[in-house]
Every structure is written in C-alpha cells, then in structure tokens.
Amino acid sequence: MTIKTSRRKNVEFGSKFLESSQHQLICLCHTRNIGCIFYVMAASPIMRIPCKVAELSLDISLNCGQSFRWKKRPSGEWAGVLAGYLWLMNQDEAGLNYRVVTPVVQSEASPSESLPAKKAEMKECIDYEHMVKDYFQLDIDLESLYRQWSLADANFDKVAKNFVGVRMLKQDPVENLFAFICSSNNNIQRITGMVEKLCETYGNHLLTYEDMAYYTFPSIESLAEEKVESKLRTLGFGYRAKFIQQSAAKIMKNGGRDWLLNLRTVSYLEAKSSLMTLPGIGAKVADCICLMSLNHSVAIPVDTHVFQIAKANYVPHLSQTKSVTDKVYNEISAHFQSLFGTYAGWAHSV
DNA sequence: ACAGACCCTCAGCA
DNA sequence: ATGCTGAGGGTCT
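Here the structure is a predicted model, which means the values were calculated and not measured. (Residues numbered from 1 in each chain as written. Chains lettered and ligands numbered in written order. Predicted model: local features only at pLDDT ≥ 70, side-chain atom pairs only at ≥ 80, totals over all residues. Heavy atoms only, no water.)

Draft legend 1. Spotlight on the overall build of chain A. Across its full length, chain A holds 16 helices and eleven strands. For chain A, restricting intrachain contacts to residue pairs at least 6 apart in sequence, the fraction spanning at least 24 positions comes to 63%. When the accessible area of chain A is evaluated, it comes to approximately 17,200 Å², of which 51% is carbon and sulfur surface. (Helix = DSSP H or I, 4+ residues; strand = E, 2+ residues; numbered from the N terminus. Contact = heavy atoms within 4.5 Å. Areas by Shrake-Rupley, 256 points an atom, 1.4 Å probe, with all protein chains shown as cover.)

Draft legend 2. Quick look at the UniProt feature "domain: HhH-GPD" (unreviewed entry) in chain A. As recorded in UniProt, the feature "domain: HhH-GPD" (unreviewed entry) lies at residues 182-349. Here residues 182-349 is 60% helix and 5% strand, with 19 Å between the C-alpha atoms at its ends. (UniProt positions renumbered as here; feature names shortened; annotations may be inferred.)

Draft legend 3. Structural view of the protein's contact with DNA strand C. As a matter of local geometry, DNA strand C sits amid 22 residues, with Cys64, Gly65, Asn185, Gly282 and Asp303 nearest to it. Near the protein, meaning within 4 Å, the atoms of DNA strand C are sugar or phosphate in a fraction of 53%, with bases accounting for the rest. Asparagine 186 places a polar main-chain atom, nitrogen or oxygen, 3.4 Å from a sugar or linking oxygen of DNA strand C. In the environment of DNA strand C, a phosphate oxygen lies 2.8 Å from a nitrogen or oxygen atom belonging to the backbone of glycine 282. Secondary structure elements with two or more residues in the surface near DNA strand C: helix H13 (283-293) and helix H14 (304-314). Considering every element that reaches the surface near DNA strand C, the biggest residue donor is H13, with three residues. Classifying every residue of the surface near DNA strand C gives nine nonpolar, eleven polar and two charged. (Near = heavy atom within 4 Å. Polar contact = N/O pair within 3.5 Å; in protein donor to acceptor, adjacent residues only side chain to side chain. Nonpolar A, V, L, I, M, F, W, Y, C, P; charged D, E, K, R; others polar.)

Draft legend 4. Just empty space enclosed by the protein, in detail. Evaluated as defined, the whole model comprises one cavity of 30 Å³ or more. Taken as a whole, the largest cavity encloses approximately 40 Å³ of empty space. Taken together, Gln66, Ser67, Phe68, Arg69, Gln171, Glu175, Asn176, Ala179, Phe180 and Val195 make up the full set of residues lining the largest cavity. Counting residues per element, the lining of the largest cavity draws most heavily on helix H6 (residues 173-181), at four residues. Residue composition of the lining of the largest cavity, grouped by class: four nonpolar, four polar and two charged. (1 Å grid on protein atoms, 1.4 Å probe; cavity = no way out; pocket = protein on both sides within 12 Å on 5 of 7 lines; lining within 4 Å. Points joined across faces, edges and corners; volume = space filled by probe spheres on them.)

Draft legend 5. Quick look at the protein's contact with DNA strand B. Near DNA strand B, the surroundings consist of Asn185, Arg190, Arg233, Gly236, Gly238, Tyr239, Arg240, Thr325 and Lys327. Across the atoms of DNA strand B situated within 4 Å of the protein, the share located in sugar and phosphate is 62%. Here a phosphate oxygen of DNA strand B sits 2.9 Å away from a polar atom, N or O, in the side chain of arginine 233. Residue arginine 240 places a side-chain N or O atom 2.8 Å away from a base oxygen belonging to DNA strand B. Class assignment of the residues belonging to the surface near DNA strand B gives a composition of one nonpolar, four polar and four charged.

Draft legend 6. Main features of H13. Extensive coverage of H13 is indicated by the burial of ten of its eleven residues. Where H13 is concerned, the buried positions are Ala283, Val285, Ala286, Asp287, Cys288, Ile289, Cys290, Leu291, Met292 and Ser293. Positive backbone phi, at 70 degrees, marks asparagine 295, one or two positions downstream of H13. (Buried < 20%, exposed > 50% of the residue type's maximum accessible area, 1.4 Å probe, protein only.)

And the structure:
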C-alpha cells in the first residue's frame with residue numbers, strides 16, 4: 001500500500017494491513033535525526049445521511065457563533081473535532097456527507113509492529129451516523145418548527161427565508177462553557193482565536209491533517225490548575241483568564257464533568273442558576289450554555305443584538321431603555337418564549 | 001437599579 | 001502615518 005506523507009514522499013509498508021477493511025490509511029512521517037515518527041491515521045469512507053438543506057444548513061449552523069471550532073477547508077469541507085475524532089463534512093441539496101479521520105498510531109517505533117494490533121480496534125463498530133444525528137439533533141423536525149414560528153410571528157416569516165436550516169448543535173458542555181466565558185464583551189474573531197489558544201495550550205494534539213493541526217478541547221482538570229490564570233493572561237485572555245481557572249476549579253469541586261452533564265436532567269431554571277454560580281457566567285452566558293449544550297431549548301440569550309431587535313420590533317415600551325438590566329433581560333426572554341414556545345431558543349438563533 | 005471597571009482588538013475617523 | 005474613540009454575542013462590584 002502506498003501512503004502519502006506530509007513530506008510528499010511515498011512510504012510503503014503494511015500492505016496486508018486493513019486489506020479487508022474499507023478504511024483508508026494515511027501516514028504522516030517525520031524524520032527526527034535518525035529515527036522516524038509515524039503518525040498514522042485512518043480515514044473512514046464517505047458516509048451519507050439524507051437531509052434537505054431546509055433541515056440543516058452547515059454553512060450557517062457551523063458558523064453562526066454557537067461553536068467556534070469548525071473551519072472551512074479549501075476543499076469546501078467543514079472540519080472540526082468532535083468526540084475525539086476529526087470530522088469532515090459537506091452537503092448538497094439532498095444529503096449530508098461526512099467522513100471521520102482518527103489517529104491509530106503515534107509512535108517513534110517502526111509502525112509495522114504496532115499496526116496489526118490496531119487492526120481490531122479499527123474494525124470496532126463505531127456508530128458514526130448516530131453521533132452525527134445526535135450532534136445536529138436531526139430527530140427534530142426543523143421545517144415544521146419554521147412553519148410554526150412563521151404563523152406566530154410575521155417578522156419571523158419575513159426574515160426566515162434568508163436563513164433556512166439554522167439548527168442548534170448539541171455541543172459538549174465543557175467546550176461550550178469555556179468558549180462562552182471567553183465571549184463576554186468580545187467579538188467573534190477574537191473569541192475564535194482564544195478558543196484555539198485554549199486547545200493548543202491545554203488540549204491534546206489529536207492529529208495533523210493536510211498541514212493543519214487539530215486538538216481536543218482541554219479537560220476541566222487541566223484548566224483548574226492555579227498556573228492557568230497567569231498563562232492565559234500572557235496569551236491575551238485579559239480578565240477572562242481568572243474566570244476560566246476559577247470556574248474550572250469550582251466545577252471540579254462540584255463534581256467535574258458529571259456535574260455539568262447532570263444539568264441536562266434538571267429544569268431549565270435550575271440549570272441556569274447553577275451555571276450562574278460560576279465566576280464569569282451571568283444570565284446571558286448561562287442561557288447560551290443551557291441552549292447549546294444542555295438541551296434547554298427554551299433558553300433565550302439576550303445579547304446586545306437581541307436587545308436592539310426586541311426594542312425595535314417586539315417590545316415597544318422598551319424603546320427608550322438604555323441598558324439590559326435583570327428586569328429587562330427577563331422581560332425580553334419571556335416575550336420570545338411565549339411567542340415561539342418550547343424551541344424559542346432555536347427561533348431566536350434564526 | 002445603575003454606573004464603572006475590566007483585557008484586548010479593530011474598525012472608523014480626525 | 002499616528003492617535004483617539006467606541007463597540008464588541010457581558011460580568012462583577
């Protein structure tokens with residue numbers, strides 16, 4: 001089997017490996033003085049889920065500020081790390097195409113010995129389709145929700161045709177939480193850079209694919225260490241450096257990742273108020289986390305833009321209001337919740 | 001309820 | 001070319 005390397009040479013080895021598998025092997029080979037380091041990855045075949053653009057627009061949903069981790073590659077594919085794999089996706093009118101790239105071996109030894117041992121692992125049946133459907137929440141009928149929202153609100157009806165297929169992702173709450181601590185008083189470009197720095201500094205290098213390094217999102221533990229604040233300061237996080245370290249430490253004290261995941265099972269208001277006990281998380285960020293990773297689809301994050309839109313089109317008596325006080329925040333939230341119903345947060349995103 | 005302060009960056013403009 | 005200002009998916013005191 002011929003394997004392309006990052007140095008654009010071809011390496012021959014392991015021709016029997018995976019001969020009966022439908023997976024494709026990719027090997028990146030770096031010479032380091034005498035030895036070689038092999039980064040071996042397996043790319044799945046392209047898989048497909050029938051899905052209309054009206055049910056899911058990748059271009060909007062992956063790039064509208066709910067996740068900061070998806071990047072469009074020159075090929076037009078979206079690339080992102082999810083559940084410890086690199087995913088590559090695109091879509092056409094009728095379907096979503098995706099493939100998965102996963103590291104198999106990273107060793108300084110000759111790969112010929114370790115590869116067969118990984119063979120069984122590769123063949124392990126992983127339900128990628130289920131993971132995609134879960135992440136995009138494809139069991140939720142978005143077209144039907146759009147119809148419902150259009151009936152409820154003429155303004156939505158007018159605007160919605162330009163923003164078809166806007167779907168909330170079901171994100172990992174750890175990534176979601178720390179990314180949105182970064183979002184306060186900030187712009188998307190800078191937030192994206194900060195999330196990248198978090199991953200490069202405290203995440204694990206997953207693999208390098210076509211000259212792009214991909215990292216996992218850091219664990220809560222790794223962000224909870226005391227040194228993190230000063231390090232993030234030097235990386236330009238500003239006052240958010242302290243929030244990140246302190247929130248991580250507090251979550252660990254509360255029970256770590258399980259404590260966060262458990263917020264999916266409690267009521268929306270309980271989840272929100274629990275999140276707001278963490279430093280750097282106020283009402284808006286808490287609502288973002290509720291909506292984007294904790295299944296509380298009724299949550300309405302009221303940011304400065306939602307405030308402006310609400311003043312101009314929905315809650316006239318706020319037209320002279322200068323700032324978003326708690327009272328104003330709750331009033332705007334409640335308005336959109338009663339207008340759009342259970343999936344109000346999804347409608348708000350459109 | 002409401003200012004200020006908080007880190008940093010980047011348009012927009014003089 | 002430099003320098004100033006305001007705002008950017010807020011939060012805390």
